[in-house]
Amino acid sequence: MNVSIKEIARRLKISPSTVSRALQNHPRIGLRTRERVQELAQQLNYVPSATARNLRSGKTFMLGVVLPEIQENFFSKAINGIEEVAFARGYTVALYQSHDQYEREKQVLDVLSRQVVDGVILSVAKESHQFDHIQKLLQHQIPLVLFDRIPPSIDTHQVSCNMEMGAYEATGLLVKKGFKRIALLNGPASLVASQERYEGYVRALTEAGLSPEPALVESVDLSTEATRRIMEQWLALPQPPDSVLTFNDYVALDAMGVCRAKGLRLNTDISFVSFANLPMNAYLEHPPLASVEQHPYRMGYTAAELILNAIAQPQASFEKVILQPELMVLS
């Protein structure tokens, strides 16, 4: 059973408020009294009450983190970065998965809007095409940091990677290797990152004197079925693409599977570049030519720093942090 502040006060014949201040090294309490209180607290294995601390501060010392899928390598690395900062600052993390479903994400944010947590870190679900549930969270004056998958027109703290630059460099690599019919297999149009990928892709082609072909640009919902359908359509064209830039490595793997099934030789008949730099690429016989490293650990770490700063200074201006990508050549 945990000893209470009242018990320490009774034994030392002082008031509970004096004990409380002494345990916090309050300067109004004399050094000798602080030493006596802290020595007895250690002898009795006193553990501060989290409930009492929360009541005094008006905080829960808990962060809500809402992600599409924990099993994705990108998000598991981001969680590591978030926890590193949170635990060092005395916070715990309540983790939720949307499973890329709008309704589930909406339900989770509704729960969090009831002051269960001090702040929220969110990467939106691929099914989310309207964002009233996010605005509702902000209306409850709960600090929010959006990261990686960021919807447009939400005025709050943000952490992202420069996807326009990543797509520009990835497309540029294909141009340098002599590819002419470069396709873009993009993600949901509702995501800012998808638009940034498109802009980088177009800029690289234009600078190389190549005209983007509308027939070779498609957006998918990141499902295996949608990716396979688009890849099969492209391969059936009179002039199919000779290379593809994909939204991420998972999309690339699905598209590459279609090519193999059609008897195409990867990195010979058709090549891919992608995003995410998944560890599994190192074990593939024919990995993508390159993958853009988005630094998910650093992204999560930065998101946690931003949310804790926002909790400490709720009136501070919104910060938008953009990390620089790194093109990793794999084969």
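Our structure's up above, just so we're on the same page.
Just so it is clear, the structure is predicted and the values come from calculations on it, not from any experiment.

Conventions and cut-offs
Residues numbered from 1 in each chain as written. Predicted model: local features only at pLDDT ≥ 70, side-chain atom pairs only at ≥ 80, totals over all residues. Heavy atoms only, no water. Buried < 20%, exposed > 50% of the residue type's maximum accessible area, 1.4 Å probe, protein only. Helix = DSSP H or I, 4+ residues; strand = E, 2+ residues; numbered from the N terminus. Arc of directions from axis to C-beta. Contact = heavy atoms within 4.5 Å. Pairing = 2+ DSSP bridges. Axes fitted to C-alpha atoms, helices over the stretch in contact; angles between N-to-C directions. Salt bridge = Lys/Arg side-chain N within 4 Å of Asp/Glu carboxyl O.

Let's shift gears to helix α7 (residues 132–139). Where α7 is concerned, the buried positions are His133, Ile134 and Leu137. Mapping the buried residues of α7 onto a view down its axis gives an arc of 105 degrees, with all of them on the same face. The exposed residues of α7 that point more than 90 degrees off its buried face are Asp132 and Gln139. Structurally, α7 contributes buried residues whose contacts are with α6 (102–112), β3 (119–122) and β4 (144–147). Where α7 ends, the next residue or the one after it, Gln141, has phi of about 60 degrees, a positive value.

Moving on, we get to the sheet that holds strand β6 (residues 182–186). Reading across the sheet, the six strands line up as β7-β6-β8-β9-β10-β12 and stay open at both edges, with mixed pairing between neighbours. Whereas interior strands pair on both sides, the edge strands pair on one side only; in this sheet they are β7 (217–219) and β12 (326–329). Averaged over all neighbouring strand pairs, the angle between strand axes comes to 15 degrees, with direction disregarded. In this sheet, β12 lies alongside strand β10 (residues 290–293) in antiparallel orientation, the contact comprising four bridges. Following the sheet pairing, Ser291 is matched in β12 by Met328.

With that settled, consider the pattern of salt bridges. Taken as a whole and judged by the stated rule, the model has nine salt bridges. One salt bridge connects Asp269 with Arg265, and the closest N-O pair in it is separated by 2.9 Å. Given the relative accessible area of 31%, Asp269 is considered partly exposed. Overlapping salt bridges bring together Glu7, Arg10 and Arg11 as one network.

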